[in-house]
Amino acid sequence: MSVLLALCVALLPLATPGRGTRQWEPCTDLRPLDILAEAVPPDGAAAGIRVVQVQGARGLQLLAAAPRALSFPASRVFFRCDFFPEEFSIVVTLKAPSLPPKKNEYLLTVMAEGLDALLLGLLYSAARLHFLFRSEDAAGIWQTRVSFRSPALMDGQWHTLVLAVSEGSFSLTTDCGLPVDIMADVPFPATLSVQGAQFFIGSRRRTKGLFTGLLRQLVLLPGADATPWLCPCRNAELAVLSIPRILQGLTGKPEDNEVLKYPFETSMKVTLGPRPPCTEAEDAQFWFDAGRKGLYLCVGSEWVSVLAAKERLDYVEEHQSLFTDSETLGIEVFAIPEAGLFIATANRKATSTIYKWTDGKFASYQDIPTHQAQSWRHFTIGKKIFLAVANFEPNEKGQEFSVIYKWSQRRLRFTPYQRVPTHSARDWEAFEVAGEHFLAVANHREGDNHNIDSVIYKWNPGTRLFEANQTIATSGAYDWEFFTVGPYAFLAVANAFNGTSTRLQSRLYVRLAGCFQLFQSFLTFGAADWEVFHIGERIFLAVANSHSYDVEMQVQNGSYVINSVIYELNVTAQTFVRFQEILTCSALDWEFFSVGEDYFLVVANSFDGTTFSVNSIIYRWQGYEGFVAVHSLPTFGCRDWEAFRTAAGAYLVYSSAKEPLSRVLKLRTG
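Keep in mind that this is a model prediction, so the values were computed, not measured.

Novice: Could you give an account of the overall build of the protein chain, with specific residues and numbers?
Specialist: Counting its regular elements, the protein chain contains three helices and 51 strands. A buried classification covers 52% of the 670 residues belonging to the protein chain. Taking the contacts inside the protein chain whose residues are at least 6 apart along the sequence as the reference set, 51% of them involve residues at least 24 apart. Working note: accessible area of the protein chain is about 30,500 Å², and carbon and sulfur atoms make up 51% of it.

Here it is in structure tokens:
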């Protein structure tokens, strides 16, 4: 779609019959026109509509007895002339009900004066979304229909659609995803007269075809495709261009203690007991913590305190010394429903161990043979529970592979499920994209060659095995980190060493057209870890730099004391930009966690060039100041940090790569 029509034709004088020749100007302002706000009665009359809140967002619902409740004359927005724009886009945010086959419901119509003649309409069925418009030539008048296959609207969730029209080109974008384009034989008319016409929201001026779901946003943008205005967006299903004031904000008391102008409904549930998950299913629901006498609201993916004293981190104390069979290079904390909380330690020697949280401490639960294990990764596929280990060395027979274990509900133990060929594997990353499950392995080296492929495996539901799906060239790969931004999936790799230098480009990939493609590169120095985290709407990506080394330069102790970097996503520029540098000592891991309303980062400092007895630091988020050091924790060869919670409170646990001892620390709050 072209840029604004004003720029396209600003210098072209147009001839108008009966008026002579004059400078062209659009029939309406070239700005977002909030059609829904235009239709909501300005005096607050509530006839025929009500406000309903679902999943934390408000929408308008039409009553069957009043199909014309949301309507207004077209002249209200087309005030300079009587023609609908030739190029435009329509933005709709809706929660659609399930429809039986062959039933249609209207989202928007423009009806001719005095007749049951549709000039323009948008409606949907169980299988398709249809855009209708009136066409006319010397042969007569007919109705043109452009149909898009169903964008899966009827899943009980909110969705935002952008329909962009430019002559014969029609494009539909759902939740900031990839657009679906159609080139129609019949273009949208350049002169569709709307003289005397009427806009109807959610109907065609009658009860038949009345929209029975919820409408939150309906915006007409003349002259432009609205997609770049909305996307990318972290919450793409509720991306906002313009919504009526009555639908903005969270529920609360009416201003000045007035009675609400609109009937209002909301579904509310209060959960008791231990801390439940906070997902889309629980969004806008409450949880009452009887132990702390606190009421919490699920917002996004976090429980936000509503009625409780603010919890703040006061100090950190040692809770448990966890003795391991050997030095531990990685730890993974995870929970298994009806079984409990566990931690898996990746030990340097031939046996790694799984511990279970019992009576407030971790106790040995299961030993698993490994070969200089580097890390564990817990993940689920449906009801199946898996645990994958990254083995760095070959077994006694010289075979080099890592192993995926599956939880046995009968034995209550992990059992071997699949062997995967790897090359000095450092890390596994498990993730899901569009309902498909993947595992990415960071292959560090093959023999003395560090410049090898790391592999992304995809779960085959037929064979119930992981199969190679894509290879990505890496250099001494140390870590993978997966995250999403709106509908886009990203995968970051930490490249640590290419055989001669640690000064390398670590890469960020985005999944497009069924595979991961390069999105951005970062200069790193022995990168050992990526950590992605959110603070409000802001998205950050932190890299742990471990060592500045080049085979051609003389190694100095100071090469381990270097800056690690935090990047922030600039949505406008669609790139991560440098946000803050933090001096670290051969950093090997970052861990992000929160206590109450405060956010923290803890770094695993492992070596300063002289000693492994180096303090690891907890940094607190302080807004404009960024992250500021608040706690200094004595550690020895610190390799990995994990944060977790139990009913008794919040904890940190770290592993040591230089002694057979990990430590569990309790976060004391005041």
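From this point, things continue past the structure.
Novice: Please provide a residue-by-residue account of the side chain of threonine 144, values included.
Specialist: Secondary-structure assignment places threonine 144 in strand β12 (residues 140-149). A polar contact is formed between the side chain of threonine 144 and the side chain of tryptophan 142, at a distance of 3.3 Å.

Novice: Please provide a residue-by-residue account of the sheet that holds strand β44 (residues 575-585), values included.
Specialist: Within a sheet, adjacent strands bond to each other through the backbone by hydrogen bonds, running parallel or antiparallel. With respect to topology, four strands assemble into an open sheet ordered β41-β42-β43-β44, the strand pairing being antiparallel. Two strands in the sheet have a free side with no partner beyond their single neighbour: β41 (527-535) and β44. Averaged over all pairs of adjacent strands, the angle between strand axes in this sheet comes to 20 degrees, irrespective of strand direction. With eight bridges connecting them, β41 and strand β42 (residues 538-545) associate as antiparallel partners.

Novice: How would you sum up the side chain of glutamine 580? Please name residues and give values.
Specialist: The residue glutamine 580 is located in strand β44 in this model. A polar contact of 2.8 Å, which involves the side chain of glutamine 580, links it to the backbone oxygen of phenylalanine 627. When sequence neighbours within four positions are dropped, the list of residues in contact with glutamine 580 reads Ser564, Val565, Ile566, Glu625, Gly626 and Phe627.

Novice: How would you sum up the environment of arginine 426? Please name residues and give values.
Specialist: Residue placement: arginine 426 occurs in strand β33 (residues 425-433). For arginine 426, a relative accessible area of 13% gives the class buried. Placed 35 residues apart in sequence, arginine 426 and asparagine 391 show a C-alpha to C-alpha distance of 7.2 Å. Those residues in contact with arginine 426, other than ones at most four positions away along the chain, are Gln374, Ser375, Ala390, Phe392, Ala442, His444, Ala477 and Tyr478. One polar contact links arginine 426 to glutamine 374, side chain to side chain, over a distance of 2.5 Å. Within the local environment of arginine 426, its side chain forms a polar contact with the side chain of tyrosine 478, the two groups lying 3.3 Å apart.

Novice: Requested: an account of unusual backbone geometry, with residues and values cited.
Specialist: With omega at -5 degrees, the peptide bond leading from cysteine 231 into proline 232 counts as cis. Looking at the secondary structure, you find proline 232 in the loop between α3 (227-230) and β19 (264-266). One non-glycine residue with positive phi stands out, namely lysine 102, at about 70 degrees. Tracing the backbone through its elements, the reader meets lysine 102 in the loop between β8 (87-95) and β9 (105-111). When its relative accessible area of 85% is taken as the criterion, lysine 102 is described as exposed. For glutamate 167, which is not glycine, the phi dihedral falls at a positive 55 degrees. Relative to the elements of secondary structure, glutamate 167 occurs in the loop between β13 (159-166) and β14 (169-174). In this structure glutamate 167 comes out as partly exposed when scored by relative accessible area, which is 43%.

Novice: Quick rundown of the packing of aromatic side chains? Include the residues and the values.
Specialist: Applying the stated criterion across every chain yields a total of 57 aromatic pairs. Clustering of aromatic rings is evident, with ring pairs tying together Phe72, Phe78, Phe84, Phe88, Phe131, Phe133, Phe170, Phe188 and Phe199. Its guanidinium or amino end placed over the ring of tyrosine 365, arginine 413 lies 4.0 Å from that ring's centre, counting from NZ or CZ.

Novice: So, the state of the cysteines: which residues are in play, and what are the values?
Specialist: Considering all chains together, one arrives at two disulfides under this definition. There is a disulfide in this structure between cysteine 176 and cysteine 231, and the S-S distance comes to 1.9 Å. Negative torsions about the S-S bond denote left-handed disulfides, and the value of about -80 degrees found for cysteine 176 with cysteine 231 makes this one left-handed. Here the residue cysteine 176 occupies a position in the loop between β14 and β15 (180-183), and cysteine 231 occupies one in the loop between α3 and β19, the gap between them amounting to 55 residues. Note on accessibility: cysteine 176 and cysteine 231 belong to one class, buried. The disulfide that involves cysteine 278 links it to cysteine 298, with 2.1 Å between the sulfurs.

Novice: Lay out the nonpolar core with the relevant residues and their values.
Specialist: Counting residues in hydrophobic clusters, the biggest one holds 54 residues, and the most contacted among them are Phe84, Phe131, Phe188, Phe199 and Ile201. Among all residues touching phenylalanine 199, those that are not within four sequence positions of it are Ile35, Leu70, Ser71, Phe72, Ala74, Val77, Phe78, Phe84, Leu108, Thr109 and Val110.

Novice: So what's going on with the pairing of β13? Which residues, and what values?
Specialist: In terms of burial, β13 is a largely internal element, eight of the eight residues being buried. Burial along β13 is two-sided: the residues His159, Leu161, Leu163 and Val165 and Thr160, Val162, Ala164 and Ser166 are all buried. Here β8 runs beside β13; their pairing, made up of eight bridges, is antiparallel. Looking at the pairing, leucine 94 lines up with histidine 159 of β13. Between β13 and β14, which pair antiparallel in sequence order, lie two residues; one of them, glutamate 167, sits at a positive phi of approximately 55 degrees.

Novice: Would you mind going over the pattern of salt bridges in detail, with residue names and values included?
Specialist: In total, this model carries 11 salt bridges according to the counting rule given. For glutamate 429, the salt bridge identified is with arginine 377, shortest N-O distance 3.5 Å. Of the two residues, glutamate 429 sits in strand β33 while arginine 377 sits in strand β29 (residues 373-381), which places them 52 residues apart along the sequence. Overall, arginine 377 belongs to the buried group, its relative accessible area being 19%. For arginine 538, the salt bridge goes to glutamate 568, with nearest N and O atoms at 2.7 Å. Here arginine 538 is found in strand β42, whereas its partner glutamate 568 is found in strand β43 (residues 561-570), with 30 residues between them in sequence. Of the residues examined, arginine 538 reaches a relative accessible area of 33% and is grouped as partly exposed.

Thresholds, definitions, all that
- Residues numbered from 1 in each chain as written.
- Predicted model: local features only at pLDDT ≥ 70, side-chain atom pairs only at ≥ 80, totals over all residues.
- Heavy atoms only, no water.
- Helix = DSSP H or I, 4+ residues; strand = E, 2+ residues; numbered from the N terminus.
- Buried < 20%, exposed > 50% of the residue type's maximum accessible area, 1.4 Å probe, protein only.
- Contact = heavy atoms within 4.5 Å.
- Areas by Shrake-Rupley, 256 points an atom, 1.4 Å probe, with all protein chains shown as cover.
- Polar contact = N/O pair within 3.5 Å; in protein donor to acceptor, adjacent residues only side chain to side chain.
- Pairing = 2+ DSSP bridges.
- Axes fitted to C-alpha atoms, helices over the stretch in contact; angles between N-to-C directions.
- Phe/Tyr/Trp six-rings, centres within 6.5 Å; stacked < 30°, edge-to-face > 60°.
- Lys NZ or Arg CZ within 6 Å of the ring centre and 35° of its normal.
- Disulfide = S-S within 2.5 Å.
- Core = buried A, V, L, I, M, F, W, Y, C linked by side-chain atoms within 4.5 Å.
- Salt bridge = Lys/Arg side-chain N within 4 Å of Asp/Glu carboxyl O.

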